[in-house]
Amino acid sequence: MNKSSNLYKDIVTGLFFATGMFSFLSGQFVLSTLFFGAASLFSNIEAAKPVRF
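Predicted model, so just to flag it, every value in this text is computed and none were measured.

Engineer: Provide a residue-level description of the UniProt feature "transmembrane region" (unreviewed entry) in the protein, including the pertinent values.
Structural biologist: The sites that carry the UniProt feature "transmembrane region" (unreviewed entry) are, in the present numbering, residues 15-42. Helix makes up 93% of residues 15-42 and strand makes up 0%, while its end C-alpha atoms are separated by 11 Å.

Engineer: Describe a nonpolar patch on the surface, with residues and values.
Structural biologist: A contiguous nonpolar patch, built from Leu7, Tyr8, Ile11 and Leu15 and spanning about 430 Å² of accessible area, is present on the exposed surface. The residue leucine 7 is located in helix 1 (residues 3-26) in this model. For leucine 7, a relative accessible area of 48% puts it in the partly exposed group.

Definitions and limits used
- Residues numbered from 1 in each chain as written.
- Predicted model: local features only at pLDDT ≥ 70, side-chain atom pairs only at ≥ 80, totals over all residues.
- Heavy atoms only, no water.
- UniProt positions renumbered as here; feature names shortened; annotations may be inferred.
- Helix = DSSP H or I, 4+ residues; strand = E, 2+ residues; numbered from the N terminus.
- Patch = residues over 30% accessible without salt bridge, like charges linked within 9 Å, V, L, I, M, F, W, Y side chains within 5 Å.
- Areas by Shrake-Rupley, 256 points an atom, 1.4 Å probe, with all protein chains shown as cover.
- Salt bridge = Lys/Arg side-chain N within 4 Å of Asp/Glu carboxyl O.
- Buried < 20%, exposed > 50% of the residue type's maximum accessible area, 1.4 Å probe, protein only.

See the structure below:
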């Protein structure tokens, strides 16, 4: 397991979530829904790994 890719994934997911919270508190509900959805999708997507024979 590559720790640097997990770190980048965690950082991006956290940024999406924090931006979604800020948008929600600002009253921009459509934009916050987009950011929450992006955070959810990005946290569940696994990066492609090279195939080893």
